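Close look at the chain arrangement
Here is what each chain is made of, one letter per residue.
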Amino acid sequence: KEVKKLEILQKVLKTKLTKLSELNDELKSQVEDLEERNKRLDLITRELQEVSKEREQLSSDKENLLAMVETTTKEKDDANKRIQNLTKRVNDTEADLEIVASEKNILEQKIKDLKGSITSLQLKVEASERKEEEAATEMEELKVTMEAIKSQADEALEGKRNME
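An account of the accompanying structure is given in this report.

Let's talk about the overall build of the chain
Of regular secondary structure, the chain possesses two helices and zero strands. In terms of overall dimensions, the chain is more spread out than a globule: its C-alpha atoms have a radius of gyration of 46 Å, far above the 15 Å expected for 164 residues. Judged by the C-alpha coordinates and their principal axes, the chain covers about 130 × 100 × 15 Å. Buried residues in the chain amount to 0% of all 164 residues.

Describing a negative patch on the surface
Together, Glu 126, Glu 129, Glu 132, Glu 133, Glu 134, Glu 138 and Glu 141 line one region of the surface with negative charge. Of note, Glu 133 is situated in helix H2 (residues 73-163). We classify Glu 133 as exposed; its relative accessible area is 54%.

Quick notes on a nonpolar patch on the surface
Judged by side-chain polarity, Leu 6, Leu 9 and Leu 13 come together as a nonpolar surface patch covering roughly 300 Å² of accessible area. Secondary-structure assignment places Leu 9 in helix H1 (residues 2-71).

Concerning the pattern of salt bridges
Under the defined criterion, the tally for this structure stands at five salt bridges. The closest approach of N and O atoms between Glu 140 and Lys 143, which form a salt bridge, is 3.9 Å. Residue Glu 140 and its partner Lys 143 are both found in helix H2; the two are separated by three residues, about one turn of the helix. Residue classification places Lys 143 among the partly exposed positions, given a relative accessible area of 43%. Measuring nitrogen to oxygen at the nearest pair gives 3.9 Å for the salt bridge that ties Glu 158 to Arg 161. Taken together, the positions of Glu 158 and Arg 161, both in helix H2 and three residues apart, correspond to about one turn of that helix. What makes Arg 161 exposed here is its relative accessible area of 54%.

Reading guide: rules and limits
Residues numbered from 1 in each chain as written. Predicted model: local features only at pLDDT ≥ 70, side-chain atom pairs only at ≥ 80, totals over all residues. Heavy atoms only, no water. Helix = DSSP H or I, 4+ residues; strand = E, 2+ residues; numbered from the N terminus. Rg over C-alpha atoms; globule rule 2.2 N^0.38 Å. Buried < 20%, exposed > 50% of the residue type's maximum accessible area, 1.4 Å probe, protein only. Patch = residues over 30% accessible without salt bridge, like charges linked within 9 Å, V, L, I, M, F, W, Y side chains within 5 Å. Areas by Shrake-Rupley, 256 points an atom, 1.4 Å probe, with all protein chains shown as cover. Salt bridge = Lys/Arg side-chain N within 4 Å of Asp/Glu carboxyl O. Lys, Arg positive; Asp, Glu negative; His and termini not counted. Charge placed at Lys NZ, Arg CZ, Asp CG, Glu CD.

Spatial relationships are all this shows, so hold off on functional conclusions.
Structural data, given as structure tokens:
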């Protein structure tokens, strides 16, 4: 009895050892995953630090540019010219948008027309399918009638043979 108990205990311990080994493997995998994530976080942190430095530099550059714009009349005139050019481009773009809107309306009408044509074709197809079904039904009825006539003819022939 003690040997059986020990064998059972040994099996239980082996099972638990296997489970512990699986858990250990899973924990190793999770540790590796966490280490990889930590590496990625370190990389992101470095990138964020670089971005922060770049932002500071850009902010400084922006302040210098603003000071130059405020003190330079020529740059102000250039900015006005750019505004005039942009205004012209906006006006041109608005005209283009009106043309595009008109073309869109034309295309939408064509789509409506095509949808109507498709609907018409679908109705024709459905009508054709109904005619096919009616013809098939009529053919079946003719077959039944022909079989009945043949059966009657066979009976008549049989009756004639019997009479002879």
